[in-house]
Amino acid sequence: MNWDDFAQWGAKIADWGADYHKTLRDRPVRPAVKPGEIIAKLPASPPESPEGMEQIMQDFERVVMPGLTHWQHPRFFAYFPANAAPPSMLAEMLVTTLAPQCMLWQTSPAATEMEIRMLDWLRQSIGLPDGFSGVIQDSASSATLAAVLVMRERALNWQGNQKGLAGGPTPRIYCSDQVHTSIDRAAWVSGIGQDNLIKIPTVKGDPLRRMDTGALQATIAADRAAGHLPAGLIGVTGATGMGACDRISDLAAIARAENLYLHIDAAWAGAAMICPEFRALWDGIDLADSVVFNPHKWLGAQFDCSAHFIRDPDALRQTLAIRPEYLKTHGHSDVTDYSEWSIPLGRRFRALKLWFLIRSYGLSGLRAMIRNHVKWSQDLAGRLAAEPDFEITSQPILSLFTFKRKGDTDQQTQALVEAINADGRIYLTQTKLDGQTVIRFQAGAFGTEERDAHTAFDTILEIARTAP
Ligand SMILES: *Cc1c(COP(=O)(O)O)cnc(C)c1O
């Protein structure tokens, strides 16, 4: 491909993207394909001769488009959002074109310095004190793994990387039973192991399902008596299932008394903290050792962009930095080499989309979006609660709530979710709450409008009253 063709196709694809987004409401959110349908349309072997871009784009429409779930759809109410605001897409187009590797300051000084500044903008935006430094990780899972590795090294006097875990007591980590599976995987990958990730129950009947800190203290005391090595505590603000929020100030007091490293997973809910009125949900966050939230979820910075804030970056570097001769930056001892802050060496230029995004909307624009989502979600919960055959099983936490049709078994609830999603107008998912299957609703897509929440109400009622 020559650069004239590139310019021509680039313009065509930008037009295609605008048309796609303008007509997204007319498409079903989830495709009606069966497993194997797409792969059957792909040739089993690669072409020997070159093919034209025209043909490739036609096949993209024919093969790929029918098999997509539309995450940017205004009526995507499943999981959590993965928003790609248009200015962040444009920034990603530039980054894709430049394709720099941003592992060291000298491998792209603008990328490193932009990242430092953008993470500080985000820090201020969500109300974290200025003692926190930030880095962009590829995912919240990676940020949490990095935090768990710091917990391990700190507890083992920085000997774990060298000596491994055999022989000594194994560090133990505590969290509630509401946390995301990325915490389990961090325990696996760090060598700490599932048996040393201790899940503390949440307080029965608590609307925020916070961790039972009495049970936490009793467990830590029993573990110490048994010769285990308590190393860290992971709290959550806005857990994936129903939005559970631990009381971070209580966790921080215990972490301090027990000398535990405290990490907070606010992957989804952290974005809402740009609105000061929601910060009560993570009161005490200033006392955490690290915090992660995903601007690639609710805020609108195209995937991937996970903001990881750390009180003591030296501890993180001591855990992860490795400096072979070929990676040394001679003559600059005062620069930040971000690859020392994360597990992969190679890094994309992710900060540019934050710059484009935050400048294009301003914090006021992003706050208005989040406040709307919270309000529409609360309104919908109120309307469903007023219907005689529905019950709200957990009240809205920010823009997330759960509900079910009264009297349904787990199987019937699951069947209702399937029927709603097969209809195509909206897309929802289910979760388990206190052992029973419930339906999850969250509003958070960049393109969602109030009328989309009304469509959700109409669709849910219509399907619930006509489906078996
Ligand atoms: C989405 C989510 C994660 C995982 O985020 P990734 O960036 O996909 O790793 C972790 N914790 C919570 C609470 C989440 O909502």
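An unreviewed UniProt entry annotates the protein as Pyridoxal-dependent decarboxylase of Tropicibacter oceani. Note on the protein: under the UniProt heading Sequence similarities (unreviewed entry), the record states "Belongs to the group II decarboxylase family." In its Cofactor (unreviewed entry) section, UniProt records this for the protein: "pyridoxal 5'-phosphate".

Visitor: Could you give an account of empty space enclosed by the protein, with specific residues and numbers?
Guide: The full count for this structure, using the stated rule, is one cavity of 30 Å³ or more. Here the largest cavity defines a volume of roughly 50 Å³. Trp376, Asp379, Leu380, Arg383, Glu450, Ala453 and His454 are the residues that line the largest cavity. Those elements that place two or more of their residues in the lining of the largest cavity are helix 12 (351-385) and helix 14 (450-466). When residues in the lining of the largest cavity are grouped by element, the largest group, four residues, is from helix 12.

Visitor: An account of the layout of surface pockets is requested, with residue identities and associated values reported.
Guide: Considered as a void within the structure, the largest pocket measures approximately 1,300 Å³ in volume. What lines the largest pocket is a set of 38 residues, among which Gly17, His21, Met89, Met93 and Gln302 lie closest to the centre. Contributions of two or more residues to the lining of the largest pocket are made by helix 1 (3-22), helix 2 (53-64) and helix 3 (86-98). Here the lining of the largest pocket gets 11 residues from one element, more than from any other, and that element is helix 1. When its residues are assigned to classes, the lining of the largest pocket shows 24 nonpolar, 10 polar and four charged. In terms of domain composition, the lining of the largest pocket takes at least three residues from each of domain 1 (3-67) and domain 2 (101-348). If you add up the space inside the second largest pocket, you get close to 680 Å³. Taken together, 33 residues line the second largest pocket, and the ones lying closest to its centre are Tyr79, Phe80, His180, Thr240 and Lys297. A per-element tally of the lining of the second largest pocket places strand 10 (residues 429-433) first, with four residues.

Reading the values: the criteria
- Once a new chain begins, its residue numbering starts again from 1 and follows that chain's sequence as written.
- Per-residue local features are limited, in this predicted model, to residues with pLDDT of at least 70; the limit for side-chain atom pairs, both in listing and counting, is 80 or more; totals at the level of whole chains, interfaces and linings are taken over all residues.
- Just so you know, side-chain values use all the structure's heavy atoms and leave hydrogens and water out.
- UniProt positions are given in the numbering used here, feature names are shortened, and annotations may be inferred rather than shown by experiment.
- In this analysis, the protein atoms alone were mapped onto a 1 Å grid. Cavities are point sets where a 1.4 Å probe fits without being able to get out; pockets are open sets with protein on both sides within 12 Å along at least five of seven lines; lining residues have an atom within 4 Å of a point.
- Grid points are joined across faces, edges and corners, and a volume is the space filled by probe spheres set on the points.
- Only DSSP runs of H or I covering at least 4 residues are called helices, and only runs of E covering at least 2 are called strands; the numbering of each starts at the N terminus.
- Charged residues are taken to be Asp, Glu, Lys and Arg, nonpolar residues to be Ala, Val, Leu, Ile, Met, Phe, Trp, Tyr, Cys and Pro, and polar residues to be all remaining types, Gly included.
- Domain limits in this description derive from either an automatic procedure or a database domain assignment.

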